[in-house]
Amino acid sequence: MVKSIMGSHNLLYPILGFASCLVFLYLSFGDFLSVNYKTDPKLSFVERNGTNFIVDGKLFYINGWNSYWFMDHAVHDYSRPRIREMLQAAAKMGLTVCRTWAFNDGDYNALQIAPGQFDERVFKALDYVIAESRQVGIRLLFSLVNNLQAYGGKTQYVKWAWDEGVGLSASNDSFFFDPSIRLYFKNYVKTILTRKNSITGVVYRDDPTIFGWELINEPRCITDASGDTLQDWIEEMSSFIKSIDRKHMLTIGLEGFYGPKSPKKDSVNPEFWAADLGADFIRNSAPSTIDFASVHIYPDHWFKKKSLEGKLKFVAKWMRSHIEDGDKVLKKPVMFTEFGLSDLNKGFNPSQRDQFYKTVYDVIYESAKKKGAGGGSFAWQYFVEGMEDYNDDFGIVPWKRASTYEIITKHTCELAKVHGRIESQNLKQLCSH
Ligand SMILES: *[C@@H]1O[C@H](CO)[C@@H](O)[C@H](O)[C@H]1NC(C)=O
Ligand SMILES: *[C@@H]1O[C@H](CO)[C@@H](O)[C@H](O)[C@H]1NC(C)=O
């Protein structure tokens with residue numbers, strides 16, 4: 001069929017010639033980019049100076065967000081463009097860091113299929129996420145395992161150990177104390193840190209596109225409320241990471257609750273249960289191997305009966321308390337790595353979420369102006385259009401609602417001005433009005 005068309009229309013030859021030339025150009029442009037990745041002078045490592053982050057000797061602000069789905073959606077051709085779409089939109093909004101999962105243990109599209117066994121196809125998807133982020137100058141905060149069951153988590157590790165006949169216990173918390181499982185996790189972490197990116201050629205531990213590592217999303221160890229088990233795990237794993245990678249920032253992934261011995265357990269924790277989860281914000285965040293502290297904000301989960309006004313009042317107090325800890329006790333930055341307001345609440349209206357975002361950003365700005373410890377937050381969570389199936393009751397497409405977009409970008413400009421970082425063309429435009 002192609003032949004007969006070509007026979008009757010000689011014009012097609014030059015068109016085909018032109019098309020193949022385009023293909024060639026595209027390929028060489030791709031080559032050019034992959035060479036350029038390695039020598040891209042724009043990105044330097046984020047470093048820490050006391051309670052602040054700095055890059056190239058200047059303060060570094062974080063107006064960040066969560067898109068946990070990046071690696072998963074980068075596996076298949078049909079969904080891969082969503083990563084670029086999200087990153088480009090975020091860059092336009094002046095966002096600087098995305099927190100996302102660098103794990104998927106034994107689930108659909110798993111990166112780790114079995115202990116120490118990796119799916120190269122999925123690793124290439126993670127390579128792609130990093131390469132795309134680098135292109136737009138956005139950095140990544142990678143979480144390394146889940147305390148919850150989504151994408152495998154602790155439960156999967158415990159099951160693996162059990163199936164291999166080496167597990168000590170069926171308890172999910174044996175993830176923290178079982179020597180075999182600790183070894184599984186260390187092997188996992190080492191493989192990630194020493195991975196050579198198949199697109200950029202840069203080993204992960206040497207890549208400034210990565211802002212930092214997070215040990216575990218929302219750790220709780222309820223079987224040991226004293227907190228000793230989790231503390232021991234944090235100390236061992238953070239030292240292990242530092243023995244391989246001293247260049248990147250490291251955090252834990254805590255929700256931020258104060259433990260049973262903390263004076264703030266009664267005055268600041270949402271309710272009494274929060275002191276009995278085996279975690280303690282201050283003690284856990286104190287080791288020198290932990291570069292910055294992390295806190296989550298979920299007033300809907302924590303309070304069933306409070307009004308929105310009551311919740312927002314709590315949010316401001318919760319944040320100020322942790323920022324004070326960062327400034328006075330820990331002397332490290334404190335990042336609010338997840339904050340979300342559920343749309344399942346009775347009488348929910350998107351303007352309530354606007355108010356919530358604004359409350360969070362106002363407290364961040366208040367601290368940033370004083371060069372305090374509270375210079376950054378990460379909204380939970382952002383999507384692009386056409387991904388409704390992956391949403392939970394917290395996610396938004398940030399450019400779909402003008403008022404929300406305005407609140408987020410205004411925050412970018414507030415932080416950028418404080419830190420004297422309005423030099424880019426994009427920010428000049430964004431922050432001109
Ligand atoms: C690092 O912190 C010290 C003490 O707060 C300050 O004097 C110095 O200017 C900071 N350096 C940078 C590059 O921000
Ligand atoms: C471990 O956690 C999973 C998911 O939350 C739960 O279904 C399971 O019952 C837990 N196992 C034990 C032994 O508690």
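Preceding this paragraph is the structure being described.
Rules used throughout
Residues numbered from 1 in each chain as written. Chains lettered and ligands numbered in written order. Predicted model: local features only at pLDDT ≥ 70, side-chain atom pairs only at ≥ 80, totals over all residues. Near = placed C-beta within 6 Å. Nonpolar A, V, L, I, M, F, W, Y, C, P; charged D, E, K, R; others polar. Helix = DSSP H or I, 4+ residues; strand = E, 2+ residues; numbered from the N terminus. Expected span 1.5 Å × (residues − 1). Buried ≥ 20, exposed ≤ 12 C-beta atoms within 10 Å, placed from the backbone. Arc of directions from axis to C-beta. Contact = placed C-beta atoms within 7 Å. Core = buried A, V, L, I, M, F, W, Y, C linked by C-beta atoms within 7 Å. Pairing = 2+ DSSP bridges. Axes fitted to C-alpha atoms, helices over the stretch in contact; angles between N-to-C directions. Parallel < 35°, antiparallel > 145°, perpendicular 65-115°, else oblique. Left-handed = near helix turned anticlockwise from the far one by under 90°.

Novice: What is the right way to look at the site of ligand 2 in this model?
Specialist: Every residue lining ligand 2 is accounted for by Gln 149, Thr 155, Ala 170, Ser 171 and Asn 172. When grouped by side-chain class, the residues that make up the shell around ligand 2 number one nonpolar, four polar and no charged.

Novice: Looking at this model, I keep getting lost on helix α4 (residues 81-92). Mind explaining?
Specialist: Note on helix geometry: an α-helix contains 3.6 residues per turn, so any two residues three or four positions apart are oriented the same way. For α4, with 12 residues, the first-to-last C-alpha span of 17 Å sits near the 16 Å given by 1.5 Å per residue. Looking only at α4, the buried set comprises Arg 82, Ile 83, Met 86, Leu 87 and Ala 90. With its buried residues spanning 130° around the axis, α4 presents them on a single face. Structurally, α4 contributes buried residues whose contacts are with β4 (62-66), α3 (70-74), β5 (97-101) and α5 (120-136).

Novice: Mind showing me how you'd approach the nonpolar core here?
Specialist: A general tendency of soluble globular proteins is for nonpolar side chains to be buried together. Membership of the largest hydrophobic core comes to 104 residues, with the highest contact counts inside it found for Met 71, Val 129, Leu 144 and Val 360. Not counting the four nearest positions on each side in its chain, Leu 144 is found in contact with Ala 102, Phe 103, Val 189, Ile 192, Trp 213, Glu 214, Leu 215 and Ile 216.

Novice: I would appreciate a short explanation of the sheet that holds strand β13 (residues 376-380) in the present structure.
Specialist: The strands that make up a sheet pair up through hydrogen bonds in the backbone, lying either parallel or antiparallel. Taken in spatial order, the eight strands make up an open sheet running β10-β9-β8-β5-β4-β13-β12-β11, and their pairing is parallel. Looking at strand neighbours, the two that pair on one side only are β10 (249-251) and β11 (293-297), the edges of this open sheet. Across the sheet, the mean angle from the axis of one strand to that of its neighbour is 25°, orientation sign disregarded. Here β4 runs beside β13; their pairing, made up of five bridges, is parallel. Bridge pairing in β13 places Gly 64 opposite Phe 378.

Novice: How should I be thinking about the packing of helix α8 (residues 179-193) against helix α9 (residues 228-244) in this particular structure?
Specialist: Two numbers describe a pair of packed helices, the interaxial angle and the distance between the axes. As a packed pair, α8 and α9 sit with axes 11 Å apart at the nearest point and diverge in direction by 30°. The angle between α8 and α9 falls in the class roughly parallel. Regarding α8 and α9, the two cross each other, and that crossing is right-handed. On the side of α8, the interface is formed by Lys 186, Val 189, Lys 190 and Leu 193, while α9 contributes Phe 240, Ile 241 and Ile 244. Residue composition of the contact of α8 with α9, grouped by class: five nonpolar, no polar and two charged.

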